[in-house]
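Residue-level listing of the chains:
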Amino acid sequence: MNLTLQMWRQRNLSDEGGMVQYEISDVSPEMSFLEMLDILNESLIARGQEPVAFDDDCREGICGMCSLVINGIPHGPDSGTTVCQLHMRRFQDGDTIYIEPWRSRAFPVLRDLIVDRNAFDRIIQAGGYISVNTGGTPDANAIPVAKSEADLSMDAASCIGCGACVAACPNASAMLFVGAKVSQFRHLPQGHTERARRATRMVEQMDAEGFGNCTNHYECMAVCPKEIDVRVIAELNQEFLRTELTGSE
Amino acid sequence: MILDAKIPEGPMAQKWDNHRFRMKLVNPANKRKYKVIVVGTGLAGASASASLAELGYRVENFCFQDSARRAHSIAAQGGINAAKNYPNDGDSIYRLFYDTVKGGDFRAREANVYRLAQLSNEIIDQCVAQGVPFAREYGGLLDNRSFGGAQVSRTFYARGQTGQQLLLGAYSALMRQVGLGNVTLRPRTEMLDLVVVGGRARGIVVRDLICGDVYCASADAVVLATGGYGNVFYLSTNAMGSNVTAAHRAFKRGAGFANPCFTQIHPTCIPVSGDHQSKLTLMSESLRNDGRVWVPKDGDDHRAAPEIPEEDRDYYLERRYPSFGNLVPRDVASRAAKQVCDEGRGVGSSGLAVYLDFADSIERLGRDAINQRYGNLFHMYEKITDENPYELPMRIFPAVHYTMGGLWVDYNLMSTIPGLHVLGEANFSDHGANRLGASALMQGLADGYFIIPYTIGHYFASGSFEPVETDQKEFEDTKKSAADRLQRLLDVRGGRSVDSFHKELGQIMWEHCGMSRNEGGLRKALELIPALREEFWRNVRVPGGNGELNQSLEKAGRVADFLEFGEVMCLDAIGRKESCGGHFREEHQTEEGEALRDDEGCSHASVWEYKGDDDFPVMHKEPLSFDLVKPSVRSYK
Amino acid sequence: MASAASATRSRAPSGPVKFLRSSIGAKSVMALTGLILTAFVFGHMVGNLQIFLGPEPINRYGHFLQSLGELLWLIRFVLLATLIVHIASAARLIVLNRRARPIAYVLDDSVQVTFAARTMPWTGMILLAFVVYHLAHFTLGTVQPELFSHHDELGRHDIYAMVVLGFQDWFVTAWYVVANALLALHLSHGVSSLFQSLGVTTPSLRWPLVDLAGPAVGTAVLIGNLAIPLASWLGLLELPYGAM
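Residues numbered from 1 in each chain as written. Chains lettered and ligands numbered in written order. Predicted model: local features only at pLDDT ≥ 70, side-chain atom pairs only at ≥ 80, totals over all residues. Heavy atoms only, no water.

Thoughts on the confidence of the model for chain C
On average, residues of chain C score 91 in pLDDT, and 92% of them reach the 70 mark or higher. Reported confidences for the modelled complex are a pTM of 0.96 and an ipTM of 0.98. (pLDDT = per-residue confidence, 0-100.)

Some words on empty space enclosed by the protein
For the structure on display, the rule yields 14 cavities of 30 Å³ or more. Taken as a whole, the second largest cavity spans an internal volume of roughly 660 Å³. Around the second largest cavity sit 40 residues that line it, and D56 of chain A together with M240, Q551, K555 and R558 of chain B are the ones nearest its centre. For the lining of the second largest cavity, the secondary structure elements donating two or more residues are α1 (33-46) of chain A together with α13 (498-513) and α15 (551-575) of chain B. At seven residues, α15 of chain B tops the list of elements feeding residues into the lining of the second largest cavity. Per-class residue counts for the lining of the second largest cavity are 15 nonpolar, twelve polar and 13 charged. (1 Å grid on protein atoms, 1.4 Å probe; cavity = no way out; pocket = protein on both sides within 12 Å on 5 of 7 lines; lining within 4 Å. Points joined across faces, edges and corners; volume = space filled by probe spheres on them. Helix = DSSP H or I, 4+ residues; strand = E, 2+ residues; numbered from the N terminus. Nonpolar A, V, L, I, M, F, W, Y, C, P; charged D, E, K, R; others polar.)

What about the domain arrangement of chain B?
Residue and element names in this part refer to chain B. Taken as a whole, chain B is organised into domain 1 (35-262 + 404-461), domain 2 (267-399) and domain 3 (473-607). Each of domain 1 and domain 3 has a C-alpha centre, and these two points are 23 Å apart. Listed by partner, the interface residues are 50 residues for domain 1 and 50 residues for domain 3. Of the roughly 4000 Å² buried between domain 1 and domain 3, counting both surfaces, carbon and sulfur atoms make up 64%. We note a salt bridge from E578 to R107, for which the minimum N-O separation is 2.9 Å. Viewed at the interface, domain 3 and domain 1 are joined by 21 residue pairs in polar contact (both at pLDDT 80 or more). Counting residues per element, the ones that place at least two in the side of domain 1 that touches domain 3 are β6 (189-197), β7 (200-208), β8 (214-218), α6 (245-252) and β10 (257-258). In terms of residue class, the side of domain 1 that touches domain 3 is made up of 29 nonpolar, twelve polar and nine charged. (Domains from an automatic or database assignment. Contact = heavy atoms within 4.5 Å. Buried area = accessible area lost by both parts, 1.4 Å probe. Salt bridge = Lys/Arg side-chain N within 4 Å of Asp/Glu carboxyl O. Polar contact = N/O pair within 3.5 Å; in protein donor to acceptor, adjacent residues only side chain to side chain.)

Description of a nonpolar patch on the surface
Residue and element names in this part refer to chain C. Taken together, W170, F171, L230, W233, L234 and L236 make up a surface patch of nonpolar side chains, about 710 Å² in accessible area. Taken together, the elements giving at least two residues each to the nonpolar patch come down to α10 (170-197) and α11 (203-233). One can find W233 in helix α11. Residue W233 is classed as partly exposed on the basis of its relative accessible area, which comes to 41%. (Patch = residues over 30% accessible without salt bridge, like charges linked within 9 Å, V, L, I, M, F, W, Y side chains within 5 Å. Areas by Shrake-Rupley, 256 points an atom, 1.4 Å probe, with all protein chains shown as cover. Buried < 20%, exposed > 50% of the residue type's maximum accessible area, 1.4 Å probe, protein only.)

Digging into the interface of chain A and chain B
Contact with chain A, which involves 76 residues of that partner, is made by 76 residues of chain B. For the pair chain A and chain B, the summed buried area comes to about 6200 Å², and 50% of that belongs to carbon and sulfur atoms. For the pair chain A and chain B, the interface holds eight salt bridges. Salt-bridge contacts for R111 of chain A lead to E548 of chain B; the nearest nitrogen and oxygen are separated by 2.9 Å. Going through the elements one at a time, α1, β6 (109-111), β7 (114-115), α2 (118-127), α3 (147-157) and α5 (175-186) of chain A are the ones with two or more residues in the side of chain A that touches chain B. Sorting elements by how many residues they give to the side of chain A that touches chain B places α3 of chain A first, with seven residues.

Here's the deal with the sheet that holds β8 of chain B
Residues and elements named next belong to chain B. What the three strands build is an open sheet, ordered β6-β7-β8; its pairing is antiparallel. Across the chains shown, the open sheet's two edge strands, defined by having one partner strand only, are β6 and β8. The sheet shows a mean angle of 30 degrees between the axes of neighbouring strands, taken without regard to direction. (Pairing = 2+ DSSP bridges. Axes fitted to C-alpha atoms, helices over the stretch in contact; angles between N-to-C directions.)

As for the environment of L167 of chain B
Residues and elements named next belong to chain B. With respect to the helices and strands, the residue L167 is situated in helix α5 (residues 162-179). For L167, a relative accessible area of 0% translates into the label buried. For the pair L167 and T41, spaced 126 residues apart in sequence, the C-alpha separation works out to 8.8 Å. Those residues in contact with L167 that sit more than four places away from it in its chain are T41, G42, L43, R69, A71, S73 and I74.

Comments concerning the nonpolar core
One finds F211 of chain A together with I80, F134, I204, L224, L420 and F460 of chain B to be the most contacted residues of the largest nonpolar core, which totals 245 residues. Among the elements that take part in this core, α15 of chain B stands out by supplying 13 residues, more than any other. Residues within four places of F134 of chain B in sequence aside, it is in contact with A150 of chain A together with I80, I124, C127, V128, L142, F156, Y157, A158, T162 and L166 of chain B. The next biggest cluster of nonpolar side chains, apart from the first, holds 27 residues, and it includes M7, C66, L68 and F91 of chain A. (Core = buried A, V, L, I, M, F, W, Y, C linked by side-chain atoms within 4.5 Å.)

Here we look at the pairing of β6 of chain B
On a regular strand, one side chain projects to one face of the sheet and the next to the other, so that they alternate. All names here are of chain B. Among the nine residues of β6, eight are classified as buried, and the element is accordingly described as predominantly covered. Here eight bridges tie β6 to β7, and the two strands are oriented antiparallel to one another. By the bridge assignment for β7, M191 is matched with V206. Taking the residues between adjacent antiparallel strands as the criterion, β6 and β7 are bridged by two residues, where G198 takes a positive phi near 55 degrees.

Looking at the packing of aromatic side chains
Counted according to the given criterion, the structure contains 42 aromatic pairs over all chains. With a centroid separation of 6.2 Å and an interplanar angle of 15 degrees, the aromatic rings of F240 of chain A and F19 of chain C are classed as stacked. In this pair, F240 of chain A is assigned in helix α8 (residues 231-246) and F19 of chain C in helix α2 (residues 16-21), connecting two distinct chains. Grouping residues by exposure puts F240 of chain A and F19 of chain C together as buried. Aromatic pair F97 of chain B and Y114 of chain B: ring centres 5.1 Å apart, planes at 65 degrees, arrangement edge-to-face. In this pair, F97 of chain B is assigned in helix α3 (residues 93-103) and Y114 of chain B in helix α4 (residues 110-129), connecting sequence segments 17 residues apart. You'll find F97 of chain B and Y114 of chain B in the same group, each marked buried. Members of the aromatic cluster, joined through ring pairs, are F130, Y133, F138, F167, W175 and Y176 of chain C. The cationic tip of K147 of chain A hangs over the ring face of Y138 of chain B; the distance from NZ or CZ to the ring centre is 5.5 Å. (Phe/Tyr/Trp six-rings, centres within 6.5 Å; stacked < 30°, edge-to-face > 60°. Lys NZ or Arg CZ within 6 Å of the ring centre and 35° of its normal.)

A closer look at the packing of helix α12 (residues 473-492) of chain B against α15 of chain B
Residue and element names in this part refer to chain B. Axis separation between α12 and α15 bottoms out at 10 Å; the angle between their running directions is 105 degrees. It follows from the interaxial angle that α12 and α15 lie roughly perpendicular. Where α12 abuts α15, its residues R485, L486, L489 and L490 lie against L553, A556, G557, A560 and D561. (Parallel < 35°, antiparallel > 145°, perpendicular 65-115°, else oblique.)

Focus: the pattern of salt bridges
Residue and element names in this part refer to chain B. Per the counting criterion, the structure on display carries 83 salt bridges over all chains. With a shortest N-O distance of 2.5 Å, K84 and D125 are connected by a salt bridge. With a gap of 41 residues between them, K84 in the loop between β3 (80-81) and α3 and D125 in helix α4 connect regions that are remote in the sequence. Each member of the pair, K84 as well as D125, is classed as buried. Residue R533 pairs with E567 through a salt bridge whose shortest N-O separation is 2.5 Å. Here the residue R533 occupies a position in helix α14 (residues 519-539), and E567 occupies one in helix α15, the gap between them amounting to 34 residues.

Focus: α10 of chain C
Three or four residues apart is the spacing at which side chains of an α-helix point the same way, because the helix has 3.6 residues per turn. Residue and element names in this part refer to chain C. Given a rise of 1.5 Å per residue, 28 residues ought to cover 40 Å, and the 39 Å separating the end C-alpha atoms of α10 matches this to within 8%. Looking at where α10 begins, the residue whose side-chain oxygen comes 2.9 Å from the main-chain nitrogen of F171 is D169. Downstream of α10 by a residue or two, G199 has a phi angle that is positive, lying close to 75 degrees. (Expected span 1.5 Å × (residues − 1).)

Observations regarding the sheet that holds strand β2 (residues 18-24) of chain A
All names here are of chain A. If you trace the five strands from one edge of the open sheet to the other, you get β2-β1-β5-β3-β4, paired in mixed fashion. Lying at the two open borders of the sheet, with one neighbouring strand each, are β2 and β4 (73-74). In this structure, strand β1 (residues 3-9) lies alongside strand β5 (residues 96-100), joined through four bridges in parallel fashion. Bridging from a neighbouring strand, T4 pairs with T96 of β5. Contacts from α1 reach β1, β2, β3 (69-70) and β5 within the one sheet, and its direction differs from that of β1 by about 80 degrees.

Quick look at α2 of chain A
Here α2 of chain A lies mainly inside the structure; nine of its ten residues are buried. Within the sequence span of α2 of chain A, burial applies to N118, A119, F120, D121, I123, I124, Q125, A126 and G127 of chain A. Lining the buried residues of α2 of chain A we find α4 (164-168), α5 and α6 (195-208) of chain A together with α5 of chain B.

Considering unusual backbone geometry
P208 of chain C follows W207 of chain C through a cis peptide bond whose omega is 5 degrees. In this structure, P208 of chain C sits in helix α11. Although it is not a glycine, R188 of chain B sits at a positive phi angle of roughly 50 degrees. You can see R188 of chain B is positioned in the loop between β5 (183-186) and β6. Its relative accessible area of 8% is what places R188 of chain B among the buried residues. At R493 of chain B, a position not held by glycine, the phi torsion is positive, near 45 degrees. For R493 of chain B, the location among the structural elements is in the loop between α12 and β18 (496-497).

Quick look at the structure:
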């Protein structure tokens, strides 16, 4: 099939950037979306132009590196799917596809479709951990955890940190990401000692990074490749409010 | 090259304890004075950085990904082994040790494997304390499953995302140390070379992938945790960015490279669908617990799978290996698949696939039970192939998955360059010629959490360290050679893209140094690779410049190293005149086509020493002795 | 086993200002003030519906409210303060949220953002204008001053006459219809949302209970509030004796 691509091209952080149109032919429906971009890049290189820069790594939907907004939807039209697992059979011959980077003040564009997501790392640094040093930990079975709680924890922990929630949110809010981490530890006894501190510090950092606020559109949940439920946001709200109102830290 | 493995004295079970006692310690107040460079943030790298920083060392940690959380350890699905014996089914440290040595086809170092089995239990404790949400039983205790044909249930898992959860645990420990200011993290920064000063590893040269700056970092010791080299085959289950550069550069600076020909081919991957294919997707080995592998008896039978009657199907694993059946180890299953495809009985449009059929299990257990066990895998398969595995059997084919070979290290995980430590998949130590399922995660974390924190202290306490400056000659020279090399890549301005060279190299490697190898093919590869390399340096086209984010340039540097490294692999494969584990030499097989090991001639690790670009590397042997587990023929019949 | 080092990292002392400035604090303020305002809207509606019982009950009710004196002013003050906090907080969040995405998508699409959710700032602003109009209309009497001076036979302010006659003007009625439709829209997102912002939802509570609570409250308010102007305009409420 033949496609028209409208892509965001931007040389570097300070460049203004803009949309550029490319025509691509002989796209096979078996190709993944990123393989289609590989073909485009090969043809650009052959024509002496610079290939389009985009982030990817594992190409099996788990590393969280790929990050394209396709026709206005982060990770494209399939639900519960990262871009790298999106296949071209989802598109029709003659389609025009808009490809843009994640858009958020906290995720500056480094080049073309590549954004800087280190704001997420800094949020984790602020409190997205359990403070244990290596060694000296009790036997793994010393503290039983109800299966239902462990499952809730795992649901939240499956976040791949791709940032699609931010890209999709009309307010570029990171609440689903932060909520997922807070929820993972909230449902485990190991996470309880630091729960108050964790919520306040992560929210503080989230705000400092310039993410927007949650206004409960739930668009994040709709695009999340791991289909993380917005209950994690309710849990984050609860943890934060309880800490602030009781003054515990 | 002196290969002293430094195996401690004493009975096997006490070696690690004895060693820990005898190792020198660094005074807590002095730890701040030592700086460690860690390259890589996977299970081994992140756990090492975090643990070293907790002890008080200053750590600078590099990774080429945009975040430390993205290292390819994250993609491991199945689980992590430990000898906890929670299910009370007879597991023990000794049994895990025994299974690993045997599974590795008797080409691993016993003492290392024993220590790995000992440490396996502490890893689980550590991960649980970090908040890794392992699967649990209704009683609240941890669940275990049997994996990869093991006869005990010793595998801990977190859905199909165990690697992800363990990595996020290590990543969170690392992030905590970054937040405390004990670790300086440098993401999107790629190591280009190793700096050796006075015979010791004292720094690295890196490139900032955003702005293109090439600069040096100095330290008192360097730890490489840079993963495996499976992408030498172009198509593999590795991430697109996984590369051999750090290890290969260390090799060129004098580190011995051990057993490069030991690569693992995983039997259950989604087959290639066309020339555009950029990577292969693994389907968890656990699928073989309930799926039956078959091909048509007749290669010309082109009926749709469900229309082929039982009598016209060949369940070749069940036929050849009646006692293990579909659960034979990875190397055996992969080779058998290749054999039936070579006979022209492969299925699918390419003829390079076999069926993995769940029809019987669905009938026996019901669709719901199968969905419970493999729902996410079936979903993933359908997403990629657009076929529903509940109705049509899956098509699978082996793919390169893991590399057992790596930089040679002694018992302290130190390479032949003093101060250069190598962890995880990047070293060669524990898996011999074939890695068992759910063992890679265990090794990465054992190295990072529980071995390097002790042994690096011993290294520091055993000598004195002159301060080094990044503007001294050794650093400047290494930096210049790395920068010049980048410029040379840009200056070729030829006609072929980097990817096209990488694909061609991959085809050569897969053809001649893949699932089965013979001397003729390997010699042919040794002619083709240098010719391709020569063309690469004459005709590669790397667009863009050096002082900017330039993915073509990044890839070009990695492929240039693969083009050199592929040759070392082939040399090693020629030199190892036996079949063992993932290394199958057609000249060395039984009449029934099974691997034939040569314990007389080949019971060693082959360690390659770089001798300059114009000479072949030289092979040294570290003899392996087996005191506890006597080498026997691995039989799965 | 918290390490000593991590505990020493100091944190600015928390206080009400800091709490209100935090993203979740600000949202919880939106939710709480929204809750108070919703309760008022509901009570206001129920009180006004007494008009269907005839002139006597509604005028008595009005007189009762007037007679509260200082208490009435206290209630008015609280409501005004609530409204101001709600608006100020909203304004700040809107600015922050706009700033969080400085460059818009060239092609923007969404999977499930609702019209009600996306238009909260707009419906809010129009509602503010309506509140001013509504106060001018029935509390200050500046919109239809000729109707504001009616008194019933007991000498009480004749609310019944004022309302029924007031809605004979199609423009006034149309404006009330539009404003109440927007109010319903605002409530349909706002009421569902406040449970989430206060962190009291779970997936099983969310659907159907919480997700339907907003539309349900919105619809109830819409029907109740519009019944009065529409019934007046359509002549379903008997014109007061002697009026016109």
